[in-house]
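Summary of the model geometry
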Amino acid sequence: MSKTIIITGGAGFIGSHLVRLFVNKYPEYTIVNLDALTYAGNLENLKDMEGRPNYIFEKANIVDAAAVQALFQKYQPDGVIHLAAESHVDRSITSPLDFVYTNVVGTVNLLNAAKELWGPLPASPAGGGARFHHVSTDEVYGALGSTGLFTEDTKYDPHSPYSASKASSDHFVYAYADTYGLPVVLTNCSNNYGPNHFPEKLIPLMIHNIINNKPLPVYGDGNYTRDWLYVIDHARAIDLVFHQGTNGEKYNVGGFNEWKNIDLVKLLCKQMDEKLGHAEGTSAQLITYVKDRPGHDLRYAIDATKINRELGWAPSVTFEEGLSKTIDWYLSNTEWLEHVTSGAYQEYYERQYMH
Ligand code: NAD
Ligand code: TYD
């Protein structure tokens, strides 16, 4: 069945993988990538999508309600998959308001546009028809101690300005379902890694710094724990929930793959040494313990039983495989990394779309 789907944030890390998956898998759909191209948006992530008949790029800021309304009127989407966000915890500590504007106000603008376009809809548990899929994070649940897992019933307890803004956006999505009958689904995912990841986040930053023989900054004692998922497995989960999830429901997505930061960095150093032909231990010499992040959450870990049981989703790669593929991608895409670090990637839109 032909459908028009707006994917917000499609030029970012996860969004670019989702756009590619949908454009390739659903040739009968029209995929509209709505993205403001902030520092995190990089159309070089989607070079291979240019010229595809079912792919459209629209540069727009979701904080601009009129622009969002106009695009919804223009494309009349049957579905929205909302990923656009300010996504980096460290930036949220220095500029919290940017996170309120994009993550909260921007989300409400999208909800309003969907509500206006789709009109009053009785929430149908079976789903189908129009659907607003909100892509969120496990960080809304706060921090775990050394045991336990986040389930869909875990109470929200965000600590960073990033997670507080994402928690707020989740609440607005539920509020629009409860108040106006908007057909919504949510996914709350753990830390992603893979190709196209901006080198401010732990894994791509470490790869970048090893390539450039720079220190590897490990916050605090390095015993903080995250649950890592290969980005393509996240895109597969979004595809399943968008198409088969139940309206009004949320699904936790995670890799059943917990790593202490310091152990992860050591594994990465080992794989990098092997791939670069360096003596074992070379990269690990770059590890440098630095001042801790304020309000640093000790541990995140997802119980992904529901999506596994109800929709049959499971991660497709082990962490060792995924990490190895990720390193290989960065080593064979040095131009992407150079363009990101020099800022040249921000000229791509002008060259491609503004002549
Ligand atoms: P990212 O920072 O790589 O990309 C964000 C994208 O959103 C960029 O293309 C950027 O240009 C765009 N954007 C930002 N502000 C915008 C605005 N005001 N209007 C329009 N576009 C705007 O983020 P990501 O890591 O790909 O994360 C995508 C989504 O998934 C986010 O909602 C994030 O909260 C969520 N998430 C991320 C992770 C993770 O590990 N990266 C885990 C779970 C959930
Ligand atoms: P990050 O990739 O920023 O994701 P998040 O904060 O959303 O989990 O960080 C992952 C973990 O790595 C987190 O515990 C903070 C830590 N970290 C470092 O130790 N050094 C770094 O340079 C960065 C960016 C993160």
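The text that follows walks through the structure, step by step, so that each part is easy to find. (Residues numbered from 1 in each chain as written. Chains lettered and ligands numbered in written order. Predicted model: local features only at pLDDT ≥ 70, side-chain atom pairs only at ≥ 80, totals over all residues. Heavy atoms only, no water.)

1. Comments concerning the environment of Y219
Relative to the elements of secondary structure, Y219 occurs in strand β8 (residues 216–219). Exposure remark for Y219: the relative accessible area of 28% places this residue in the partly exposed category. A polar contact is formed between the side chain of Y219 and the side chain of D90, at a distance of 2.7 Å. (Helix = DSSP H or I, 4+ residues; strand = E, 2+ residues; numbered from the N terminus. Buried < 20%, exposed > 50% of the residue type's maximum accessible area, 1.4 Å probe, protein only. Polar contact = N/O pair within 3.5 Å; in protein donor to acceptor, adjacent residues only side chain to side chain.)

2. Considering helix α1 (residues 13–25)
Its 13 residues place the ends of α1 19 Å apart at the C-alpha level, agreeing with the 18 Å of an ideal helix rising 1.5 Å per residue. Considering only its buried residues, α1 is in contact with β1 (3–8), β2 (29–35), β3 (55–59), β4 (79–82), β7 (191–193) and α7 (231–244). (Expected span 1.5 Å × (residues − 1). Contact = heavy atoms within 4.5 Å.)

3. Details of the site of ligand 1
Around ligand 1, the structure places 29 residues, and the nearest of them are D35, N61, S87, Y162 and K166. D35 places a side-chain nitrogen or oxygen 2.5 Å from an oxygen atom of ligand 1. Protein chains shield 96% of the accessible area of ligand 1, which is 840 Å² for the free molecule. Within the residue set of the shell around ligand 1, elements represented by two or more residues are α1, β5 (131–137), α5 (161–180) and β7. Here the shell around ligand 1 gets three residues from one element, more than from any other, and that element is β5. Of the residues that constitute the shell around ligand 1, the class distribution is 15 nonpolar, 12 polar and two charged. (Near = heavy atom within 4 Å. Areas by Shrake-Rupley, 256 points an atom, 1.4 Å probe, with all protein chains shown as cover. Nonpolar A, V, L, I, M, F, W, Y, C, P; charged D, E, K, R; others polar.)

4. Looking at the packing of helix α6 (residues 202–211) against helix α8 (residues 261–276)
Relative to each other, α6 and α8 sit at 40°, their axes nearing to 11 Å. In this view, α6 runs oblique relative to α8, as classed from their interaxial angle. Classified by chirality, the crossing of α8 by α6 is right-handed. Together, L202, I203, M206, I207, I210 and I211 of α6 and N261, L264, V265, L268, C269, M272 and L276 of α8 make up the contact between the two elements. (Axes fitted to C-alpha atoms, helices over the stretch in contact; angles between N-to-C directions. Parallel < 35°, antiparallel > 145°, perpendicular 65-115°, else oblique. Left-handed = near helix turned anticlockwise from the far one by under 90°.)

5. Focus: α5
Compared with an ideal rise of 1.5 Å per residue, which puts 20 residues at 28 Å, α5 spans 28 Å between its outermost C-alpha atoms and is within 8% of the ideal. The set of residues buried in α5 consists of Y162, S163, S165, K166, A167, S169, D170, V173, Y176 and A177. Turning to α5, the residues buried within the fold contact α3 (89–94), α4 (96–118), β5 and β6 (184–189). Positive backbone phi, at 75°, marks G181, one or two positions downstream of α5.

6. Brief notes about the sheet that holds β7
Backbone-to-backbone hydrogen bonds pair the strands of a sheet. The strands run either parallel or antiparallel. One open sheet accounts for three strands, arranged β7-β9-β11; its pairing is mixed. Each edge of the open sheet is held by one strand with a lone partner, namely β7 and β11 (258–260). Averaged over neighbouring strand pairs, the angle between their axes works out to 50° when direction is ignored. Inspection of the sheet shows β7 paired to strand β9 (residues 225–230) by three bridges, in the parallel sense. Paired with Y193 across the strands is Y230, a residue of β9. (Pairing = 2+ DSSP bridges.)

7. Examining the pairing of β5
Of all seven residues making up β5, seven are buried, and the element is well covered by its neighbours. Relative to β5, β4 runs parallel, the two being bridged by four bridges. Bridge pairing links G79 to R131 in β5. Where β5 meets β6, six bridges bridge the pair, whose relative direction is parallel. Note on β6: the bridge partner recorded for V135 is T187. Taking the sense of rotation as the criterion, the β-α-β connection linking β5, α5 and β6 turns out right-handed. (Right-handed = clockwise from strand over helix to strand, strands pointing away.)

8. Here's the deal with the environment of G295
Topologically, G295 is positioned in the loop between β12 (287–290) and α9 (305–311). The class of G295 is exposed, set by a relative accessible area of 59%. Placed 68 residues apart in sequence, G295 and D227 show a C-alpha to C-alpha distance of 18 Å.

9. Focus on the sheet that holds β1
Spatially, β3-β2-β1-β4-β5-β6-β10 is the arrangement adopted by the seven strands of the open sheet, whose pairing is parallel. Two strands bound the open sheet, and with one partner strand each, they are β3 and β10 (250–253). Sheet twist, expressed as the average angle between the axes of neighbouring strands with direction ignored, equals 20°. In this structure, β1 lies alongside β4, joined through four bridges in parallel fashion. Directly across from I7, in β4, lies its bridge partner I81.

10. Focus on the site of ligand 2
In the vicinity of ligand 2, 17 residues are found, and the nearest of them are E139, P217, R226, R293 and H296. One of the backbone N or O atoms of P217 is found 2.8 Å from a nitrogen atom in ligand 2. Burial of ligand 2 by the protein amounts to 97% of the accessible area it has alone, namely 510 Å². Residue assignment for the shell around ligand 2 shows that the elements contributing at least two residues are α6 and β8. Take the shell around ligand 2: its biggest share by element is three residues, from β8. Class assignment of the residues belonging to the shell around ligand 2 gives a composition of eight nonpolar, four polar and five charged.

11. Details of the packing of aromatic side chains
For any two aromatic rings, the description comes down to two numbers: the centre-to-centre distance and the angle of the planes. Overall, the coordinates contain 19 aromatic pairs when judged by the stated rule. Ring centres of F99 and Y162 lie 6.3 Å apart, and the angle between their planes is 85°; this geometry places the pair in the edge-to-face category. Here Y162 lies in helix α5 and F99 lies in helix α4, a separation of 63 residues in the sequence. Judged by its relative accessible area of 1%, F99 is buried. (Phe/Tyr/Trp six-rings, centres within 6.5 Å; stacked < 30°, edge-to-face > 60°.)

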